[in-house]
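Descriptive structure summary
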Amino acid sequence: MRLVFLGTSSATPTPRRFLPSLALIRLGDMFLFDCGEGAQIRFRRANLKFSRLRWILISHMHGDHITGLMGLLMSLQMAERVEPLTIVGPVGLREYVQANRRFLRTEFAYDTDFIELSRDFESVYDGPEYLIEAGRLDHRLPTYGFALIEKDKPGRFDVEAAKELGVPSGPLFGVLQNGESVTLADGTVVRPEQVLGEHRPGRRVAYITDTRPCPMAVRLAQNADLLVHESTFGLDLAEEAKLKKHSTTVEAAEVARLAGAKRLVLTHFSPRYVDLEMLRREAAEHFPCVDVATDLKEFELEPVP
Ligand SMILES: [Zn+2]
Ligand SMILES: [Zn+2]
């Protein structure tokens, strides 16, 4: 699993930082969290493939998180996309895209499936390999955080052990791999735990941006292998963070700590900050494993062994 930050500024772009957008690539699928202005330019710079994009998840309808969406959707049309695309976000997102399409007199040949969020917490998708959860955060307008949660994998099948126990290769292997016992011709029962290794837990990534610290942020980030959390302000502007309903470095670190996350990556920095290392240090006083995102910076999550 690979994360590529396409934009890491809040409110307005700077010469170094574009507006918020994060691509997550997992096997064949790509997820785009937020789509600030210029996201598609960064997308090309990062050599990402439009065709792999399957999900766009928009946290909220503040301009810095959505102004890149129409341009990206139009570029997908120009790239002759045919695969459907699922767009998730707050109520109003579908109307926003449709109104833009009307004004711009543009049609998309590919299907766009909208999932609009309105509840405090919901499971957006539950598929064979992963699920996506969304939860309402605490910002100036309806805002959602997301968690991408891989499903646990069964332990590895030990062919040698199975053969030693007398299981003939063939369909019985599959039955054991599915976690069921089998009875051999001589009446011996072989249980799955005799031939399967430890089950392998899936990974969890949480994307929490534009919020005060809140219980929902902690819930979504619970035991996350990687938590991406906004840190619009440092300690020097803690009052402003309260006023504008954002988080500080230390508050982001506190969410990571309460959630038991393994790793924290800060993003969505106010344009006022040039020295991000200072922000990283503030958070690192309260949480051991902190990085700061910069545009086009990549983070890799080890595959499940
Ligand atoms: Zn923002
Ligand atoms: Zn916002």
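Residues numbered from 1 in each chain as written. Chains lettered and ligands numbered in written order. Predicted model: local features only at pLDDT ≥ 70, side-chain atom pairs only at ≥ 80, totals over all residues. Heavy atoms only, no water.

**Details of the coordination of the zinc ion (ligand 1)**
- Bound to the zinc ion (ligand 1) are the protein donor atoms Asp64 (OD), His65 (NE2), Asp210 (OD) and His268 (NE2), situated 2.1 to 2.4 Å from the metal.
- Because the angles between the four donor atoms bound to the zinc ion (ligand 1) fall within 87 to 151°, the donor set is best described as irregular.
- Along the chain, the residues that donate to the zinc ion (ligand 1) are spaced as D-H-x144-D-x57-H.
- If you look at the zinc ion (ligand 1) and the zinc ion (ligand 2), they sit 3.6 Å from each other and are both ligated by Asp210. Pair noted here: His65 is in helix α2 (residues 63-66) and His268 is in the loop between β14 (264-267) and α10 (276-284), with a separation of 203 residues, a long-range link. In this pair, the class of His65 matches that of His268, namely buried. (Donors = N, O, S within 2.8 Å, 3.2 Å for Na, K, Ca; no water. Tetrahedral: all angles 85-135°; square planar, octahedral: opposite > 155°, others 65-115°. Helix = DSSP H or I, 4+ residues; strand = E, 2+ residues; numbered from the N terminus. Buried < 20%, exposed > 50% of the residue type's maximum accessible area, 1.4 Å probe, protein only.)

**Observations concerning the side chain of His139**
- Along the polypeptide, His139 turns up in the loop between β8 (130-136) and β9 (144-150).
- Classification of His139 by relative accessible area gives buried; the value is 9%.

**Some points on the coordination of the zinc ion (ligand 2)**
- The coordination sphere of the zinc ion (ligand 2), as far as protein atoms go, consists of His60 (NE2), His62 (ND1), His139 (NE2) and Asp210 (OD), spread over 2.2 Å.
- Classification of the site at the zinc ion (ligand 2) rests on its four donor atoms, whose angles at the metal span 84 to 166°, yielding the label irregular.
- In the primary structure, the donors to the zinc ion (ligand 2) are separated according to the pattern H-x1-H-x76-H-x70-D.
- According to the relative accessible area criterion, His60 is buried, its value standing at 0%.

**Side note on the domain arrangement of the chain**
- By domain assignment, the chain separates into domain 1 (2-153 + 200-300) and domain 2 (159-194).
- Here domain 1 and domain 2 have C-alpha centroids that lie 45 Å from each other. (Domains from an automatic or database assignment.)

**Some thoughts on helix α4 (residues 93-104)**
- Between its first and last C-alpha atoms α4 spans 16 Å; for twelve residues at 1.5 Å apiece the expected length is 16 Å, and the two agree.
- Looking at α4, one finds that the buried residues are Leu93, Val97, Ala99 and Arg101.
- Looking at the buried side of α4, the elements it contacts are α2, α3 (69-78), β5 (85-90) and β6 (112-117).
- After α4 finishes, the residue Arg105 shows a positive phi value of roughly 45°. (Expected span 1.5 Å × (residues − 1). Contact = heavy atoms within 4.5 Å.)

**Here's the deal with the pairing of strand β13 (residues 226-230)**
- A large share of β13 lies buried, amounting to five of its five residues.
- The side-chain alternation of β13 yields two buried faces, one formed by Leu226, Val228 and Glu230 and the other by Leu227 and His229.
- Note that the unit made of strand β12 (residues 204-208), helix α7 (residues 215-220) and β13 has a crossover that is right-handed.
- Here β13 pairs with β14 via four bridges, running parallel. By the bridge assignment for β14, Leu227 is matched with Leu264. (Right-handed = clockwise from strand over helix to strand, strands pointing away. Pairing = 2+ DSSP bridges.)

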